[in-house]
Amino acid sequence: MIASVRGEVLDIALDHVVIEAAGVGYKLMAAPSTLATLRRGSEARLITAMIVREDSMTLYGFPDADARDLFLTLLGVSGVGPKIALATLAVYDATTLRHALADGDVTALTRVPGIGKRGAERLVLELRDKIGPVTPGGGFACASGHAVRGPVVEALVGLGFAAKQAEEATDKVLAGEPDATTQGALRSALSLLGRK
């Protein structure tokens with residue numbers, strides 16, 4: 001699995017960037033806000049999520065792990081695929097999106113192309129408890145095991161499990177083992193998914 005890519009920016013398009021790392025050009029789909037920070041010929045490093053389907057392997061690039069984790073969390077909602085998850089992060093940065101979810105702001109969420117009223121309500125219903133509570137400073141406290149959750153879900157999705165299945169297994173493992181390491185949680189989640 002590819003967790004990040006660092007190298008020279010070879011090409012920038014409307015929806016992706018090509019970064020050369022160790023002689024290989026990696027095409028990473030990314031939000032316009034991420035692409036706007038990159039310059040052709042300069043060096044860049046993007047945190048990545050690799051989505052494997054029967055007919056494709058696609059890399060998505062993000063400025064930081066928080067945005068990547070939020071992308072993977074969005075994929076856990078039924079009806080939300082990579083394109084809609086990326087479009088959501090294109091319209092709202094991670095902090096604004098978390099506030100919209102925490103506040104149940106359906107109107108704000110329907111501004112994302114591809115998300116209607118029902119989809120927005122589903123996002124709020126399924127994600128409000130997963131993003132962690134708002135802290136007095138305006139940020140978000142990590143949900144128990146949150147630092148481990150994103151990498152474990154990404155690893156499971158990279159291994160071919162459905163995003164929703166990966167999220168449910170990871171959440172179940174972290175509920176029972178809140179202090180688990182990434183490796184331990186991944187092992188437990190694989191064991192749990194193997195029994196299904």
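Residues numbered from 1 in each chain as written. Predicted model: local features only at pLDDT ≥ 70, side-chain atom pairs only at ≥ 80, totals over all residues. Heavy atoms only, no water.

1. Details of the pairing of strand β1 (residues 4–12)
Every other side chain in a regular strand lies on the same face of the sheet, so the side chains alternate between the two faces. When β1 meets strand β4 (residues 43–52), the two strands line up antiparallel, connected through five bridges. Counterpart to S4 in the pairing with β4 is I47. In textbook terms, the turn of a hairpin is the stretch between consecutive antiparallel strands, and for β1 and strand β2 (residues 16–21) this stretch comprises three residues. (Pairing = 2+ DSSP bridges. Helix = DSSP H or I, 4+ residues; strand = E, 2+ residues; numbered from the N terminus.)

2. A closer look at the nonpolar core
Ranked by internal contacts, the top residues of the largest apolar core, which has 48 residues, are F62, F71, L74, L97, L101, L109 and L123. At six residues, the largest contribution of residues to this core is made by helix α2 (residues 65–75). Not counting chain neighbours up to four residues away, the residues in contact with L97 comprise L70, L74, T88, L89, Y92 and L109. Listed in part, the 13 residues of the second largest apolar core include V17, I19, L35 and M50. (Core = buried A, V, L, I, M, F, W, Y, C linked by side-chain atoms within 4.5 Å. Buried < 20%, exposed > 50% of the residue type's maximum accessible area, 1.4 Å probe, protein only. Contact = heavy atoms within 4.5 Å.)

3. Topic: the sheet that holds β4
The strand order around the closed barrel built from five strands is β1-β2-β3-β5-β4, with neighbouring strands paired in mixed fashion. Pairs of neighbouring strands in the sheet enclose a mean axial angle of 55 degrees, with direction left out of account. Across two bridges, the pairing between strand β3 (residues 24–29) and strand β5 (residues 57–62) is parallel. Within the sheet, the bridge partner assigned to M29 lies in β5 and is Y60. With respect to the sheet, α2 is in contact with β4 and β5, its orientation differing from that of β4 by roughly 15 degrees. Contacting β3, β4 and β5, helix α3 (residues 82–91) crosses the sheet at an angle of about 10 degrees to β5. (Axes fitted to C-alpha atoms, helices over the stretch in contact; angles between N-to-C directions.)

4. Some thoughts on the packing of aromatic side chains
What describes a pair of aromatic rings is the distance from one ring centre to the other and the angle between the planes of the rings. All told, the structure shown has two aromatic pairs when counted by the stated rule. On the basis of an interplanar angle of 35 degrees and a centroid distance of 5.1 Å, the ring pair of Y60 and F71 is categorised as tilted. Of this pair, Y60 sits in strand β5 while F71 sits in helix α2, and the two are 11 residues apart along the sequence. With relative accessibility at 8%, the residue Y60 sits in the buried group. With a relative accessible area of 0%, F71 lands in the buried category. Centroid distance F62 to F71: 4.9 Å. Interplanar angle 45 degrees. Geometry classified as tilted. Grouping residues by exposure puts F62 and F71 together as buried. (Phe/Tyr/Trp six-rings, centres within 6.5 Å; stacked < 30°, edge-to-face > 60°.)

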